[in-house]
Amino acid sequence: MLRRSLLRRLIQGWNSMENFLHSAFAFPTVIFSFLLCLAVLYWCVAALGILEVDVLDIEADSTLESVQPEGLAGLLLKLGLNGVPVTLVLTLLFFFAWSASYFVELLLLRHLPLGILRYPLGLVLVFGALLLAVPLTAALCRPLRPLFRKLEATSSKSVLGQTAVVRSGRVTLSHGEAVLEDGGAGLILRVRADEARGFKRGDRVVLLEYLEGEHAYRVITEDEFNGR
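Just so you know, these numbers come straight off a predicted model, no measurement behind them.

1. With respect to the nonpolar core
- Residues Phe32, Leu81, Val89, Leu93 and Trp98 are the most contacted members of the largest nonpolar core, which totals 24 residues.
- No other element matches the 11 residues that helix 4 (residues 86-107) contributes to this core.
- In this structure Phe32 touches Phe94, Ala97, Trp98, Ser101, Val126, Ala129 and Leu130, once residues within four positions along its chain are discounted.
- Counting 16 residues, the second largest nonpolar core, distinct from the first, contains Val159, Val166, Leu187 and Leu207.

Structure below.
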């Protein structure tokens, strides 16, 4: 009896997984599955310090009414998706769009004899899922915005002269991150230096100058800072 019950649960679990994979990789959900996988891969790589958290670096947080950014930054501002890293915005958009597309496929499309009509209908679903994802992402970004503003305020001249530890594989004039211990989880800061200096993961550096245009710090070694 116990074996039958266990076998039945295994079969049900396999069927559930089969249904999940079928819906996740069916058109059009597969588009968002691919994008979501890319986003997860990006965050895994960023966690290792190979990429910066906001690698796209798009400024869309204009607080002045007279200043209206253009292009993608302006679009994010109009949609209420500003004030947080663009990479986080895209990840949330992909997740909510994937969820909408997945459940429409699971509960509706897979049961209809659509044939070739699946593709034009699927494209409509893609745009519909994105439209649905925008207000959901904006609602989630709203409480996160003050947090990132606080972090940006902390990343200012107040920490100049302090020592941080490089977390990226290398530090160049366009890439690099370091962790500054603040008594908590630590602050991840962008750092910049000539690649010829050879800074690598684990090196201790001193925050010498705040580069406002890049939201990063120019760093030097502790010996240089101490005049050795």
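Next comes the rest of the description.
2. Structural notes on the side chain of Ser23
- Tracing the sequence through the fold places Ser23 in helix 1 (residues 2-24).
- Taking the relative accessible area as the measure of exposure, Ser23 reaches 0% and is therefore buried.
- Those residues in contact with Ser23, other than ones at most four positions away along the chain, are Thr29, Tyr102, Glu105, Leu106 and Arg110.

3. Observations concerning the pairing of strand 4 (residues 204-211)
- Where strand 1 (residues 163-166) lies against strand 4, 3 bridges are found, and the strand directions are antiparallel. Bridging across to strand 4, Thr163 finds its partner in Val206.
- With 6 bridges connecting them, strand 4 and strand 5 (residues 216-221) associate as antiparallel partners. Each bridged residue has a counterpart across the sheet, and for Val205 the counterpart in strand 5 is Thr221.

4. Digging into the pattern of salt bridges
- By the definition in use, this model includes 7 salt bridges.
- Residue Glu222 pairs with Arg204 through a salt bridge whose shortest N-O separation is 3.3 Å. Taken as a pair, Glu222 in helix 6 (residues 222-225) and Arg204 in strand 4 lie far apart in primary sequence, 18 residues in all.
- Of the residues examined, Glu222 reaches a relative accessible area of 26% and is grouped as partly exposed.
- Note that Arg218 is salt-bridged to Glu209, the shortest N-O span being 2.9 Å.

What counts and what doesn't
- Residues numbered from 1 in each chain as written.
- Predicted model: local features only at pLDDT ≥ 70, side-chain atom pairs only at ≥ 80, totals over all residues.
- Heavy atoms only, no water.
- Core = buried A, V, L, I, M, F, W, Y, C linked by side-chain atoms within 4.5 Å.
- Buried < 20%, exposed > 50% of the residue type's maximum accessible area, 1.4 Å probe, protein only.
- Helix = DSSP H or I, 4+ residues; strand = E, 2+ residues; numbered from the N terminus.
- Contact = heavy atoms within 4.5 Å.
- Pairing = 2+ DSSP bridges.
- Salt bridge = Lys/Arg side-chain N within 4 Å of Asp/Glu carboxyl O.

Bear in mind that shape data such as this cannot, by itself, settle questions of function.
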